[in-house]
Structures are given as C-alpha cells and as structure tokens.
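Read off the chains here:
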Amino acid sequence: RHLVRRVFAPRTMSSRGTMIRPSLRRTPETAPVKDSAALPWGVVVVPLAPSQHTNSPNPDGLDPIGAEDVPRCSECFGYINAYCMFERKGWICSLCGTKNDLLPRYQQSSMRAHLEEMQRGIVDLLEECVEVDDIYSSELKPEERPACIAVVDVSGSEEFVEVARSGVLALLEALPAATLFGLVTVGRKSIGVYDMRSAFPHCHTLAVPAEGEMPIALSEVLPVDCMLVQLGENKENIAAAVESMAPSAQDDGMQVDGGPAAPRHFAYGSCLDAVLELFEEDANCSLRIISVIGSRPSWGLGALAIPDVASDAGGSAGAQRLPPGAEEYRLLASRVAALNACVDLFVVAEEAYVGVDALRPLVQNTGGSLIYYSGLDTSALPQDLFRIFSRPLASKALLRLRCSAGFQVARAYGHLTADDQYSNLFHINSCHSESCFALDLEFDNPSGVMTNLDVQPTMQLAFSYSCIVPVPGTNSYQVQRRLRLETSRSEVGRLSQDMFGSADGDVIISLLTHKIIHALATEGLAEARMLLQDWLVMLSARYNEHLMRRREMQIDVNFQKFQNLASLPRLVFGMLRGRLLDAGASSRDDRAFVAHLCTSLAPEALSLLMYPRLCAFPDLKTKQPAETGLALSHMSIAKRDTAIFVLDAYTEMLVFYTKDAAATHPFPPPPDCTLRRYLQEVKDARAICPHVSHAQDGDQSAYDFLGRLIED
C-alpha cells in the first residue's frame, strides 16, 4: 500500500473532446438579452469525456504535477489555467480577477506553454493511487475493496432464467478479476444465498413471510466474508453457481383442478432489505448490487399493486400516482445511498407491469444503470451487461462548475445530489464514460457579466473521482483518485441575434428535456406537455419579433435564418408524440425507463431518441446511407419506392423494405451483406445495444414501422 505520483489519462468511449457544452456559445450580457431570445441558458457536462489533445512533454527537470500541487486562487479557489494572465511576480485568476503569488514553476512563459495543467482542453491529474495486492487485507478502507452482488429473479419461466444465466456469465467477463462477487436469487416466496467457496456451490434458501420481515438475518446464514469471493480466484465456482440457477418451485403458481393459476409472487423488496441489513452490519467494501428481474415485486416488503388505468398517464390533476408499496423503495434507496453503494436494474419484462416507475429511485438516487426490455424477444441482456461494466466507471465523485463574475449555477439535473454544506458542489455516487449532467445558469446581479470588465465570461469544471484500475494478468489492482479540469471561455452576446446564432440545438433540447421530466414528476403529463408547447410558441414569437419586423413578411416558424435552430420544432414535435410524453405511445414501465434514460444521455443521443433518424439505402451493398435525416412521413417512403430504409430510434432500429425493394433484394438482409455491417457498427458504438427488427411493405410486420411515421 503506497502512493504513486503519476498522471493517468482515463480510457473513454465517447467521441466528444470536451466536458463542457453550453447551450449558448455566446454568454448573454444581461438578463434582458437572455430573455429576449427565450432560449434556455445552461451547460451539459460529460465528466468522463475523452481528452482531444495529447499533452506536450514536460520541460527537462520538471516532474508531472500532482493534483494537490496545482496552484489555486486565494479568492474563488479556481485552478490555474491557460486563460490566466501572468505578471512578473503573480498570476491573475481568469474567473475572479484576483492576483495570486507566482511559483517558480510558472515564471517563464516558454516553460508554461508545455505544462500539462496549462493546456487548453481537458487536464487529467492524479490525486492518489493505492496499490492493492490483497483484497482481504484489514488495512484497506471500504472504498478500496470493490464488491458486486448479482440479485437474480428466478420466479419466472425457464426462458427468462436462461437469459439471466447468460447475462450474469457475460457480467463475469466484464468485471475486474479483483472484484468480490456474491450471488443471490429471489424466488416466488424465498431468497437464495450462494456459498461459492468450493467447486460445489451451495444455495441457502430462506422463506419470505407475507409481511416481509425476515425471521432470520442473512448474517446468521452466511456472513459477508463467506458470501463474497474474489472473482479471479473463484471464477469457475461462480460460473457453476450461475449455471445451477433454476426457476423456483411453481407450487404457488400452478393450476388447481383445472382452475386459473395462482398469482405469481416475487419478493424483491425483502431481498434488498436483507442484503442491505447484512452490509450495514459489516460495511467493509464498496458495494454494487446488480439486479436482473422479470416480474413485479408482489410479495413481502415493497409488494406493488397493479395501478389502475386512471393513474397510468398522470392525468391533469397532478403528478403520476405511484402504486402502494412504492414508498418502500424510496426508503431502501436512502439506505443504499447511506452505504455509498449503487444499484443497477435490468428488467426483462414477463408481465404487462413490472413497476419500473416505483423501482426507479433505487437507481436514480445511487447513480446506477436502468435498462428495460419489453420482452424476452427484445432483450440484449448479455451484451448490455458486458458493455456497461467493461467501460470506464467513476465512483465517489465530486463535481463543481465555477463561473466568472456576473453569473452562477442555478440548478443541476441528472443523477447527482447537492452537498448539504457547500453551495455549487455536487456528489455523484457512480457514473460512466457516457454519463451526462445538465446545469442551469443564471445572473447573480443586474449588471450581468459586465460586473467585472477585466474578466471575460469563463467557466471551469472540476471533477474529482475514484476508479479501479486492474493490473493485467493478476488479481492486483490500483485504486486511483483522479482530478479532471477543463476551463472554457466565451464571447459576450449583446443582441438577441447573437443568442439565436450561437445556440446549440442539441444542448437546448437536452436542457428542455430535463426541465420537462421534472415537470412530469411533479405536475403530471398534461402540464408537462403544455409547458413544452408554450416554450416553442414563445421562442417562435421572440424570433419573429426581432428578425421579421417588416409587416409584409410572413411569419417564419422554421427558423430559416438560423439553421442551428431549424431542428427544434421537429424535435419538440417528436417529444410530444414520443414515448416520454404520449401516454398511448408506450407503457407505464417504458415511459419510466425513457425518463431515466433521458436524464443521462448526451445531447446527440437524446435528440435521436426524441426524433428518430430515417435513412435510405439504394441497395444492400452501400456502405453508408444515400440520404439521411428524412422526414418521418409516408411521402419520404413514396418518393423512394425502391429503397431500403433504416429507422434509428437509439434503443431500437427498424429495417423496412418497400415492395419494389423486397422484390429485388433478399429479405431479411443476409448476414454477410454491407447493410448488416453498417447496423453492427452502429450497435457497437452505442451505450446500450439497440434491438434490430425487420419489416416489409404489405406485411403485418410493417405496421410498427409505418406507425412511427409521426408527421402524417
């Protein structure tokens, strides 16, 4: 156990080279200028975005600097950066204008140009690195001992359990070899805890009473140090335990004398309660609970009733009502957060209602992942489990966005929580390389950004986090504490035209979506739809008021003078007709999943989810679509009657053959054709694996595709 002063650049999978993306590339001069454009003002941040540049080598005689050695402003505590001004004996903070003492490292401009902390863009620094050879060492802190428990629903069909087996086996390949792993199954009225210390794993089964409180604590059956085994040393034992999982006894769901089957029971809440109680007694690890379920919790603690139709859409009277029993999961989520643990939820639905909306706080409040599949036929569980847990993960993170004089952070959106003591400091329990958060900006005085004329509008994002870095070929690993910095500067916008011209349409939709999801949760579906429509009307009115002043000119609702705004009406329309805000377009579970997904997606991915991209291929041999971004209308299809179409809705992709295309090309596309390779490339680049389906005109399979042409 020792410290290592070294700089490690995190491995990432995104294509953007910046952590900060503002909705307006010009900062409004004052509040009236911002209000004149009716555009939301804020930023989206991707803390684990890749660094676009390679840092220059350090000058001779200078070692890489540690995060604790980077100079900070004595007034605002911002970090020294490339936008700071330098004098003979001091440096001037780019955020607040305060003069600070200059260290010898920064006295020569020729040397400053090569320092990593003085580069523009993302700067990666190492705060601390602990090397761990023995994960069972008593000297380790809880955050230095990663542990994962897979909670698997075995109350369903044999087909579901087989999918769950495949998923957990894929998970074993993705997790670091040093991870401590445990396996728990949830049956119809029981919990199974596996002892995997030998080549013949044994499952201890505990009955769950209807009232939910377990008569025996898990610690009395199998203590933590017996339930958790190191993955690298016991992989064969764990795999044998996973293969032995089978559907629980069906005695409570079998037909009696030819009558109807008894209700299916699933004791998920009681299982989580027992697992949390076990680790609350012995909190000596960094816990992650990965749940794979297929049915609604209906037994024991947190049993959910099926909601009535009236409460399904939220109605106009207020927020959507959650079913009885949902409050238990909020309490469980609070206990998970208190442990600094994380819950991931993967739902492969075998019932019409599983309760994703009630279970969502478990994931949202702890920074986990939530994936929902509407059925076994659309499931990509093994692929998603491997993809999600093999990408870079950050834990125990702190995020702060510092702003220069005149403006500040107003609100934050996403899977983060505000610090109780310090303003503008946010805690992120867990995030990955695709995680995105949103921050609203506001003026803190009437003078706006002209409060300090010596400081140009500047923002600095600081992101401190921990990560596990395995040592290849061994069960050893490093627990690294890293710091990422990025400083961004912008020009001042003094006119509404400056706001319109500098707007980023994808970021604007991202900020709007976070606001609408908040309204959906607090005020209901009808009010959320009305707020979105009112905003678009206001934007169109302000645009025409400032740019179309001549009376003889027609009203422009397509924002023809600013193409960067042209996509907004279509995206808003897609949102109103899509799975998030149209009660008839999705189930209650699917709508809760989409709402959760929208709060963490990058802007481009979010726009794709709101308004799917329609592409046309002339044949199966073309590497890239001949046309893309087509309107979702029958006219787009009719004009290209020999084409093959691909509709990309982010979580799913539909391939559609027109009648002429079906007569000319084999259906479905052959496995070795170029179109298949294109689809596979898109799937490989996505954060979650989209489901691909095929349809041809004139067939029953075409109804789903044609129903998505929402502009008709």
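Residues numbered from 1 in each chain as written. Predicted model: local features only at pLDDT ≥ 70, side-chain atom pairs only at ≥ 80, totals over all residues. Heavy atoms only, no water.

Peer 1: Describe the overall build of the protein chain, and please don't skip the residues or the numbers.
Peer 2: The helix and strand tally for the protein chain stands at 20 helices and 28 strands. A compact globule built from 712 residues should have a C-alpha radius of gyration of about 27 Å, and the protein chain, at 27 Å, falls within 12% of that. Considering only C-alpha atoms, the protein chain reaches an extent of 85 × 70 × 55 Å along its principal axes. Sorting the 712 residues of the protein chain into buried and exposed places 57% on the buried side. Taking the intrachain contacts of the protein chain between residues at least 6 apart in sequence as the baseline, contacts between residues at least 24 apart amount to 75%. Accessible surface, the protein chain as shown: approximately 30000 Å² in total, 51% of it carbon and sulfur. For the protein chain, the distance from the average site of its 64 positive side-chain charges to the average site of its 87 negative ones is 8 Å. (Helix = DSSP H or I, 4+ residues; strand = E, 2+ residues; numbered from the N terminus. Rg over C-alpha atoms; globule rule 2.2 N^0.38 Å. Buried < 20%, exposed > 50% of the residue type's maximum accessible area, 1.4 Å probe, protein only. Contact = heavy atoms within 4.5 Å. Areas by Shrake-Rupley, 256 points an atom, 1.4 Å probe, with all protein chains shown as cover. Lys, Arg positive; Asp, Glu negative; His and termini not counted. Charge placed at Lys NZ, Arg CZ, Asp CG, Glu CD.)

Peer 1: Can you break down the layout of surface pockets residue by residue, with the values?
Peer 2: In this structure, the largest pocket encloses a volume near 1200 Å³. As for the largest pocket, its lining consists of 44 residues, of which R360, Q364, N365, G414 and H415 are closest to the centre. Elements supplying a minimum of two residues to the lining of the largest pocket: α8 (326–338), α9 (356–364), β16 (393–403), β17 (407–413), β18 (417–418), β19 (426–432), α12 (505–523) and α15 (588–598). If one sorts the elements of the lining of the largest pocket by residue count, α12 sits on top with six residues. Of the residues assigned to the lining of the largest pocket, the class counts are 19 nonpolar, 17 polar and eight charged. (1 Å grid on protein atoms, 1.4 Å probe; cavity = no way out; pocket = protein on both sides within 12 Å on 5 of 7 lines; lining within 4 Å. Points joined across faces, edges and corners; volume = space filled by probe spheres on them. Nonpolar A, V, L, I, M, F, W, Y, C, P; charged D, E, K, R; others polar.)

Peer 1: Tell me what's going on with the sheet that holds strand β1 (residues 20–22), and back it up with residues and numbers.
Peer 2: By way of backbone hydrogen bonds, the strands of a sheet pair with one another, either parallel or antiparallel. Across the sheet, which stays open at both edges, the four strands sit in the order β1-β3-β20-β17 with antiparallel pairing between neighbours. The strands lining the two open edges of the sheet, one partner per strand, are β1 and β17. This sheet shows a mean twist of 30° between the axes of neighbouring strands, independent of strand direction. Relative to strand β20 (residues 437–443), β17 runs antiparallel, the two sharing six bridges. Each residue of the ladder has a partner; that of F407, found in β20, is F443. Lying on the sheet, α12 is in contact with β1, β3 (42–45), β17 and β20; it crosses β20 at an angle near 95°. (Pairing = 2+ DSSP bridges. Axes fitted to C-alpha atoms, helices over the stretch in contact; angles between N-to-C directions.)

Peer 1: Got a sec to walk through the confidence of the model for the protein chain? Specific residues and values, please.
Peer 2: Put simply, the protein chain has an average pLDDT of 88, and 91% of its residues get 70 or more. The least confident element of the protein chain, judged by mean pLDDT, is helix α2 (residues 109–112) at 86; the most confident is β3 at 97. Taken as a whole, residues 1–16 scores under 50 in pLDDT and shows 55 contacts with residues more than four places along the chain or in a different chain. Low pLDDT, under 50, characterises residues 251–260; the predicted model gives this stretch 12 contacts beyond four residues in sequence or across chains. (pLDDT = per-residue confidence, 0-100.)

Peer 1: Which residues make up empty space enclosed by the protein, and what values do they have?
Peer 2: Applying the stated criterion across every chain, the model contains two cavities of 30 Å³ or more. What the largest cavity holds in volume is close to 250 Å³. Listing elements by their share of the lining of the largest cavity, those giving two or more residues are β15 (370–373), β19 and α15. It is β19 that provides the largest number of residues to the lining of the largest cavity, a total of three residues. Lining the second largest cavity are 13 residues, and of these N81, Q119, G121, V123 and T487 lie nearest its centre. Looking at the lining of the second largest cavity residue by residue, the classes come out as five nonpolar, five polar and three charged.

Peer 1: Give a description of helix α16 (residues 603–610) that names residues and reports values.
Peer 2: Within α16, seven of the eight residues are buried, which leaves the element mostly enclosed by the surrounding structure. Residues P603, A605, L606, S607, L608, L609 and M610 constitute the buried set of α16.

Peer 1: So, the packing of α15 against α16: which residues are in play, and what are the values?
Peer 2: Between α15 and α16, the least distance of the axes is 10 Å, while the angle of their chain directions is 155°. Of the possible angle classes, the one that applies to α15 and α16 is roughly antiparallel. Every residue of α16 that contacts α15 at V594, L597 and C598 is listed here: L606, L609 and M610. Class assignment of the residues belonging to the contact of α15 with α16 gives a composition of six nonpolar, no polar and no charged. (Parallel < 35°, antiparallel > 145°, perpendicular 65-115°, else oblique.)

Peer 1: Which residues make up the side chain of T366, and what are the values?
Peer 2: When you line up the elements, T366 lands in the loop between α9 and β15. Of the polar contacts made by the side chain of T366, one reaches the backbone nitrogen of V343; its length is 3.2 Å. Beyond its immediate sequence surroundings of up to four residues, T366 is in contact with A333, V336, A337, A341, C342, V343, N429 and S430. (Polar contact = N/O pair within 3.5 Å; in protein donor to acceptor, adjacent residues only side chain to side chain.)

Peer 1: How would you explain the pattern of salt bridges if you had to name every residue and give the values?
Peer 2: Tallying each qualifying case throughout the model produces 26 salt bridges. Taking the shortest distance from any N to any O, the salt bridge between E158 and R165 comes out at 3.1 Å. Among the residues examined, E158 registers a relative accessible area of 38% and is labelled partly exposed. Judged by its relative accessible area of 8%, R165 is buried. Measuring nitrogen to oxygen at the nearest pair gives 2.8 Å for the salt bridge that ties D648 to R686. Taken together, the residues D648 in strand β26 (residues 644–648) and R686 in the loop between α19 (674–684) and β28 (691–696) connect sequence positions 38 residues apart. Residue R686 is classed as buried on the basis of its relative accessible area of 10%. (Salt bridge = Lys/Arg side-chain N within 4 Å of Asp/Glu carboxyl O.)

Peer 1: Any details on the packing of aromatic side chains? Residues and values, ideally.
Peer 2: Taken as a whole, this structure holds 14 aromatic pairs when the rule is applied. Relative to F389, the ring of F346 lies with its centre 6.4 Å away and its plane at 50°, an arrangement referred to as tilted. Of this pair, F346 sits in strand β14 (residues 342–348) while F389 sits in helix α10 (residues 381–390), placing them 43 residues apart in sequence. The same class applies to F346 and to F389, which are both buried. Here F617 and Y678 contribute two aromatic rings whose centre-to-centre distance is 5.1 Å and whose plane-to-plane angle is 65°, an arrangement assigned as edge-to-face. Here F617 is found in strand β24 (residues 613–617), whereas its partner Y678 is found in helix α19, with 61 residues between them in sequence. By relative accessible area, Y678 is classed as buried at 10%. Looking at R112, its charged tip hangs above the ring of F86, at a distance of 3.9 Å from the centre. (Phe/Tyr/Trp six-rings, centres within 6.5 Å; stacked < 30°, edge-to-face > 60°. Lys NZ or Arg CZ within 6 Å of the ring centre and 35° of its normal.)

Peer 1: Talk me through the environment of P612; I want residue IDs and the actual numbers.
Peer 2: Turning to its location among the elements, P612 is positioned in the loop between α16 and β24. Measuring from C-alpha to C-alpha, the distance between P612 and L709 comes to 9.7 Å, with 97 residues separating the pair along the chain. Apart from the residues lying within four places of it in its own chain, the contact partners of P612 are L632, L647, D648 and A649.

Peer 1: Give a detailed account of the nonpolar core, specifying residues and quantitative values.
Peer 2: Ranked by size, the top nonpolar core spans 194 residues in total, and within it L39, F181, L183, Y268, F279, L401 and L581 carry the most contacts. Ranked by residues supplied to this core, first place goes to α12 with nine residues. The residues contacting L183, other than those within four sequence positions of it, are A150, V152, G192, V193, Y194, M196, A241, V242 and M245. In terms of nonpolar packing, the next biggest core, distinct from the first, is built from 19 residues, I80, L115, V123 and L483 among them. (Core = buried A, V, L, I, M, F, W, Y, C linked by side-chain atoms within 4.5 Å.)

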